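Descriptive structure summary
Spelled out from the first residue to the last, the chains are:
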Amino acid sequence: MSGKRDNTAKLDALLASVTEDILGGEALAEFQEHGLRVERILLELVRPDPIQPRRVLPERIYHAFHDNRLTPTQALRELVQMAQLAARQKGRPFDGLLDLLPNPDDEGDEEQKSPVSPEEALLRDLVNLAITIRDDGQVNPLTVVDVSQGVMRQFRIETGERRYWATWLLRDFIAGYTGDGMIPCIVIPAKSYSPFRQAKENTARTGLSAIAMARQAALLLLAVHGYELPTSSVTNDFYRQALDLHLRGKPEYAAEVLTAMGGISKMHFSRYKALLQLSDESLELADRHNVDEFRLRPVLKLPQEHHAEMVRQIVDLGLTGRQIRDICEQGILEEDIEKDISPKSRQTVRLAKLMKSFDHDQPDDLARVLVDEEKDVQLARAKLQRMMRYLQQADQVLSRLND
């Protein structure tokens, strides 16, 4: 029990000085003036913000959790199972969560040969953070909004959702937890909630995907145009309302919005917002695999029903921006192909179109992708040899046509 008391005492000491350390000087006076406080709160009383632009959990788990169909523990168990399945498919199964941490004695480069899935990467990051919290304490408090009603206490996370999930992971999934189920938080009155402060925190940290930036842009636009921000899970259509809103409609907020987005230009702001035109499935794929805005921009030229297929090709083949632009501009997935070509020959047409954009690709990239897909070098070679025979036959047809 001494470990638990020591850990709690360490956290109490940190909280005693955290306000001054984080804010200090004039900011500290403003902190106190607005009635903000730092306290340790029971983990069960804290909930993530359902409209937070940065998705920590995969989309399916996100909706189930915020619709109260999963508890935090159940949501994390779903994530662990998804990561285990993905790891098993890549030939690197794991049982314990600590198996995900890097092994300093392993000089192999397995990740380079077979990149980790987004679920594995997310779970590994949360495990790393959980171990840091276990060893060093929760040095950086969450920022939460006090949304208590009457005697029912409740707090909604404004910043620090990854720390929240890492704490749950530490408590329920990692052996040796000695905490008391409390988490340090800077508490903000409900009237002082600010999507701008949340946006600044998001953009100041690494890892914010292009899709998350699109949601962030939408949330700020909706806020400055006076839209009511919901307190439950939302679909992409909620953010798409911002497609009809513009900064020029609220010039007095333009500078503040762009600053909250990381100091980007109006042009980049508009490009991020435009990504909300992507289909739901393509938004989820792009967010999950962190596809950047530059590579998503050409996809908007395609009919919406083809967005997901194009994003899947970007992810699976690692297409460059130039290749994506060429494919989209050549109309590889446009309606004329659907009308003029039979279903059996569409893949042939796509192969021919893709060949135009492979001038700058490296053969070893193709070899690695084949091995990654087939999980066996001999199977990959067999697949490549079938393709070579196919191309040789095509070359013979061209020779006959030339005669």
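These lines cover the structure that appears in this document, whether it is placed above or below. Not measured: the values here are computed from a predicted model.

Together, L366, L384, M387, M388, Y390 and L391 make up a nonpolar patch on the protein surface, roughly 510 Å² of accessible area in all. A per-element tally of the nonpolar patch places helix α20 (residues 377-402) first, with five residues. Among the secondary structure elements, L366 is positioned in helix α19 (residues 363-374).

This part is about empty space enclosed by the protein. Counted under the stated rule, the structure contains one cavity of 30 Å³ or more. By volume, the largest cavity is sized at about 80 Å³. Lining the largest cavity, in full, are D49, Q52, R54, R55, V56, L57, Y62, F65, H66 and E161. The biggest single contributor to the lining of the largest cavity is helix α3 (residues 59-66), with three residues. Here the residues of the lining of the largest cavity are counted per class, giving four nonpolar, two polar and four charged.

With that settled, the discussion passes to the pairing of strand β5 (residues 182-189). In terms of burial, β5 is a largely internal element, seven of the eight residues being buried. Pairing of strand β1 (residues 37-42) with β5 involves six bridges; the strand directions are antiparallel. Its bridge partner lying in β5, L42 is registered against M182. As paired elements, strand β3 (residues 142-146) and β5 share five bridges and run parallel to each other. Along β5, the bridge assignment pairs D146 with P189.

Residues L97, L123, V144, Y164, W165, F269 and L296 are the most contacted members of the largest nonpolar core, which totals 87 residues. In terms of residue count, the dominant contributor to this core is helix α9 (residues 210-224) (twelve residues). Apart from the residues lying within four places of it in its own chain, the contact partners of Y164 are L43, V46, P48, F65, P72, L142, I157 and I183.

Conventions we followed
Residues numbered from 1 in each chain as written. Predicted model: local features only at pLDDT ≥ 70, side-chain atom pairs only at ≥ 80, totals over all residues. Heavy atoms only, no water. Patch = residues over 30% accessible without salt bridge, like charges linked within 9 Å, V, L, I, M, F, W, Y side chains within 5 Å. Areas by Shrake-Rupley, 256 points an atom, 1.4 Å probe, with all protein chains shown as cover. Salt bridge = Lys/Arg side-chain N within 4 Å of Asp/Glu carboxyl O. Helix = DSSP H or I, 4+ residues; strand = E, 2+ residues; numbered from the N terminus. 1 Å grid on protein atoms, 1.4 Å probe; cavity = no way out; pocket = protein on both sides within 12 Å on 5 of 7 lines; lining within 4 Å. Points joined across faces, edges and corners; volume = space filled by probe spheres on them. Nonpolar A, V, L, I, M, F, W, Y, C, P; charged D, E, K, R; others polar. Buried < 20%, exposed > 50% of the residue type's maximum accessible area, 1.4 Å probe, protein only. Pairing = 2+ DSSP bridges. Core = buried A, V, L, I, M, F, W, Y, C linked by side-chain atoms within 4.5 Å. Contact = heavy atoms within 4.5 Å.

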